[in-house]
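Inside the fold
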Amino acid sequence: MSDRLSGIAVFVQAVEAGSFARTAERMHLSRSAVAKSIARLEERLGVRLFHRTTRSQSLTDEGQAYYERCLRALDELESGEAAVNAGRSVPSGRVRLSMPVLFGRRCVAPVLVRLAKRYPALELTTSFTDRVVDLVDEGVDLVIRSGPLLDSSGIVARRLGMQETCLCAAPAYLARRGMPRSIVDLASHSAILYGRSSRDVQMKMRDEEGKLRDVVIPYQLRFDDLEAIAEAALDGAGLARLPRWSIAEHLAQGRLVPVLEEFSQVSFDMHLMWLASRHVPQRLRVVIDELMASVPPLLTKT
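Residues numbered from 1 in each chain as written. Predicted model: local features only at pLDDT ≥ 70, side-chain atom pairs only at ≥ 80, totals over all residues. Heavy atoms only, no water.

**Some words on the packing of helix α5 (residues 101-118) against helix α10 (residues 282-294)**
How we decide: In this description, a line fitted to the C-alpha atoms serves as the axis of each element, helices being fitted only across the stretch in contact, and the angle between N-to-C directions of two axes falls anywhere from 0 to 180 degrees. Helix and strand assignments follow DSSP, with helices taken as H or I runs no shorter than four residues and strands as E runs no shorter than two, numbered in order from the N terminus. An angle below 35 degrees is read as roughly parallel, one above 145 as roughly antiparallel, one from 65 to 115 as roughly perpendicular, and any other as oblique. Put simply, a crossing is left-handed when the front helix is turned counterclockwise from the back one by less than a right angle, and right-handed when it is turned clockwise. Contacts between residues were defined by any pair of non-hydrogen atoms, one from each residue, lying within 4.5 Å. Residue polarity follows a fixed list, in which Ala, Val, Leu, Ile, Met, Phe, Trp, Tyr, Cys and Pro are nonpolar, Asp, Glu, Lys and Arg are charged, and the others, Gly among them, are polar.
In contact at an axis separation of 10 Å, α5 and α10 are set at 135° when each is read in the N-to-C sense. Taken together, the axes of α5 and α10 lie oblique to each other. Handedness of the crossing formed by α5 with α10: right-handed. On the side of α5, the interface is formed by Val108, Val111, Leu112, Arg114, Leu115 and Arg118, while α10 contributes Val286, Val287, Glu290, Leu291 and Ser294. Split into classes, the residues belonging to the contact of α5 with α10 amount to seven nonpolar, one polar and three charged.

Following this line, the structure appears as structure tokens:
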């Protein structure tokens, strides 16, 4: 019976993941183990469940019918387990997360530390990176992304809040170069830009009508790390656009001064994202709930 249930679980994951390779990643199995499990299931049933080529796989008619019945059966099993374990189960297992570097270090890491103390059986593996991470290909359970959502099919996205940015500079820089009074004035200033590629970087600004447009500001420094940009701005190296929550203390104490606020205030949505599934494991649910409760207030810090 256990072999049968194992084979059914692998089959359902193979359908939902879209490939044996992704199924193997999700279930921490080898690709050959997944293929053998499906083959044994097909042999026992006496039918072919998948049309398979070197590039794709799709369900046969028999596979589709069997998949729908398996879903109902697994739902019943999960409901039974949830009823038995309600009130006494403890979150356990690994949750893999990926998030922007500065936001992750400053805002999310402390939340995860508290969560780890609360649930000793929980293992939280976190990657700090500003690049866009693929949930499926890279085997990540949860990601936090800033900016517009791209293709989100098969993905659940919950909005954490809005990340407001601020164009700012140190008083020493403004004393040396003057306070810009218009977007045109920026042409005679120097920016500290964020960017990872070799192409020219433009800064989003709002025009007199409130519409976003790209503005080119001369620059000497460009970093792919927001903390390095903040340090350079504090040192008087130029104008910098930074998340307002990250420099709230510097603004309050006058170490950084807002510049052209009516034109430079641009906000980006922050989302917590994970793969859509019929059942969200308890270990994942407690992390999602904690992040949704703890992180949004940090984005409103001014």
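Having put the structure on the table, let's press on.
**As for the nonpolar core**
Inside soluble globular proteins, nonpolar side chains tend to come together where they are buried. Stated precisely, the cut-off is as follows: In this description, a nonpolar core means a group of buried Ala, Val, Leu, Ile, Met, Phe, Trp, Tyr and Cys residues linked to one another through side-chain atoms lying within 4.5 Å. Each residue gets one of three labels from its accessible area relative to the maximum for its type: buried under 20%, exposed over 50%, partly exposed in between, using a 1.4 Å probe on protein chains only.
By size, the foremost hydrophobic cluster in this structure holds 26 residues, and its most contacted members are Phe103, Val108, Leu142, Leu272, Val287 and Leu291. In terms of residue count, the dominant contributor to this core is α5 (seven residues). Sequence-distant contacts of leucine 272, defined by excluding residues within four places in its chain, comprise Leu142, Val143, Ile144, Val156, Ala157, Arg158, Leu160, Ile288, Leu291 and Met292. Counting 17 residues, the second largest nonpolar core, distinct from the first, contains Phe11, Ala24, Ile38 and Tyr67.

**With respect to the packing of aromatic side chains**
Note the cut-off: What counts as a ring pair is set by centres within 6.5 Å for rings of Phe, Tyr and Trp (its six-membered ring), and what kind of pair is set by the plane angle: stacked under 30 degrees, edge-to-face over 60, tilted for all other angles.
Going through the model one piece at a time under the given rule, you end up with five aromatic pairs. With a centroid separation of 5.4 Å and 40° between ring planes, the pair formed by phenylalanine 11 and tyrosine 66 is classed as tilted. Of this pair, phenylalanine 11 sits in helix α1 (residues 2-17) while tyrosine 66 is found in helix α4 (residues 61-85), placing the two residues 55 residues apart along the sequence. Classification of tyrosine 66 by relative accessible area gives buried; the value is 18%.

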